[in-house]
Amino acid sequence: MSKDRNGSPARHLPWPRYGLDAPALPAVLATAGAACCAAAARRRTGRIATATAGTVLLAHAGFFLHTTLRGKLRIWERELDRAGLKGNEQLLDLGCGRGAVLIEAARRLPAGRAVGADLWSRDQSGNSPEATLANAAAAGVADRVEVYTADMTALPFADNSFDVVTSAMAIHNIHSPEGRYRALDEAIRVLRPGGQLLIADPALIARKYAAHIGHGTLHGLGPGYWYGGPWLGVTLLHAIKER
């Protein structure tokens, strides 16, 4: 039975369940959209504008749910394939949540290790180390997954410990730019020379990450990673630590 560093046992699930990102938001959007559509059906004036607003809100909720339940999973499958992992790497996932990226990476590491670090905030439904370990067990990769309760601005790992560092929509949750840059600096510190950094966050913030570290490539991840529309799209920063 797999455990986190505090000894909590993993629950057993029939398949991984990754929960919802920001679960209150799609509920609010869908409720507001439905209310607008219902109001449009009763109104004599302003019906088109109200119905349009309701349709937009419902579409926003739909895109959000698609991204959090399926779209982001497909995109990370693609990006991890592009990373060309050999299967023996040590990988760290910052803000791992319930393990969507962590576990997909672990599937590609039969002789390696996938380590997740998180503070287990409510930004994701049911977020806990026990949930992550249960998902790892359900995916058949519990033997190569570890999770830590850790602040990504002060990681409890030695320099040059990992071949790959990933993060999916996590670093931007740090409130201050200084804190976000500390998290990036920590990611690079624990990354081995020649190792890969893969950070997905909103486009504007990702561009600032690239400017902060001074190198790396940026590419938008497309409609599958829209949290409602292109104005809430996600960009991936891919960088190699200099040798």
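Residues numbered from 1 in each chain as written. Predicted model: local features only at pLDDT ≥ 70, side-chain atom pairs only at ≥ 80, totals over all residues. Heavy atoms only, no water.

Enquirer: Sorry if this is basic, but what is going on with the overall build of the protein here?
Expert: Of regular secondary structure, the protein possesses six helices and seven strands. Going from the N terminus to the C terminus, the protein shows its helices and strands as α-α-β-α-β-α-β-β-α-β-α-β-β. For 243 residues, the compact-globule estimate of 2.2 N^0.38 gives 18 Å, and the protein sits close to it at 19 Å. The principal-axis extents of the C-alpha atoms in the protein amount to approximately 65 × 45 × 30 Å. (Helix = DSSP H or I, 4+ residues; strand = E, 2+ residues; numbered from the N terminus. Rg over C-alpha atoms; globule rule 2.2 N^0.38 Å.)

Enquirer: What should I look at first to understand the nonpolar core in this one?
Expert: Across soluble globular proteins, nonpolar side chains show a tendency to be buried alongside one another. In terms of nonpolar packing, the biggest core is built from 35 residues, with Trp 76, Val 141, Val 145, Leu 221, Tyr 225 and Val 234 touching the most fellow members. In terms of residues, this core owes the most to one element, helix H3 (residues 100–106), which gives six residues. Beyond its immediate sequence surroundings of up to four residues, Trp 76 is in contact with Val 101, Thr 166, Ser 167, Ala 168, Leu 198, Ala 200, Tyr 225 and Leu 236. In this structure, Leu 184, Leu 191, Tyr 209 and Ile 213 belong to the second largest nonpolar core, which totals 26 residues. (Core = buried A, V, L, I, M, F, W, Y, C linked by side-chain atoms within 4.5 Å. Buried < 20%, exposed > 50% of the residue type's maximum accessible area, 1.4 Å probe, protein only. Contact = heavy atoms within 4.5 Å.)

Enquirer: What's the story with the packing of helix H5 (residues 177–190) against helix H6 (residues 203–213) in this structure? I'm lost.
Expert: Think of two packed helices as two axes; the pair is described by the angle between the axes and how far apart they sit. For the pair H5 and H6, interaxial distance at closest approach is 11 Å and the crossing angle is 55°. Taken together, the axis directions place H5 and H6 in an arrangement best described as oblique. Judged by the twist between their axes, the crossing of H5 over H6 is right-handed. Of the residues in H6, those in contact with Arg 180, Tyr 181, Leu 184, Asp 185 and Ile 188 of H5 are Ile 205, Lys 208, Tyr 209, His 212 and Ile 213. For the contact of H5 with H6, the per-class residue count stands at six nonpolar, one polar and three charged. (Axes fitted to C-alpha atoms, helices over the stretch in contact; angles between N-to-C directions. Parallel < 35°, antiparallel > 145°, perpendicular 65-115°, else oblique. Left-handed = near helix turned anticlockwise from the far one by under 90°. Nonpolar A, V, L, I, M, F, W, Y, C, P; charged D, E, K, R; others polar.)

Enquirer: Explain the pattern of salt bridges to me, please; I cannot follow it from the model alone.
Expert: Think of it this way: side chains of opposite charge can pair up when their charged atoms draw near. This structure, assessed with the given rule, holds 12 salt bridges. One salt bridge connects Arg 144 with Asp 143, and the closest N-O pair in it is separated by 3.7 Å. Overall, Arg 144 belongs to the buried group, its relative accessible area being 15%. Close ionic contact of Arg 189 with Asp 159 constitutes a salt bridge, the shortest N to O distance being 2.7 Å. In this pair, Arg 189 is assigned in helix H5 and Asp 159 in the loop between strand E3 (145–149) and strand E4 (162–168), connecting sequence segments 30 residues apart. Taken together, the shared-partner salt bridges in this structure form one network comprising Asp 81, Glu 104, Arg 107 and Arg 108. (Salt bridge = Lys/Arg side-chain N within 4 Å of Asp/Glu carboxyl O.)

Enquirer: When you look at the side chain of Asp 201 in this model, what are you seeing that I'm missing?
Expert: Turning to its location among the elements, Asp 201 is positioned in strand E5 (residues 191–202). Buried charge Asp 201 goes without a salt bridge, the closest partner of opposite sign being Arg 180 at 6.8 Å. In this structure the side chain of Asp 201 is engaged in a polar contact, spanning 2.7 Å, whose partner is the side chain of Tyr 209. If we ignore the near neighbours within four places in the chain, the residues touching Asp 201 are Met 169, Ala 170, Ile 171, His 172, Ala 206, Tyr 209, Val 234 and Thr 235. (Lys, Arg positive; Asp, Glu negative; His and termini not counted. Polar contact = N/O pair within 3.5 Å; in protein donor to acceptor, adjacent residues only side chain to side chain.)

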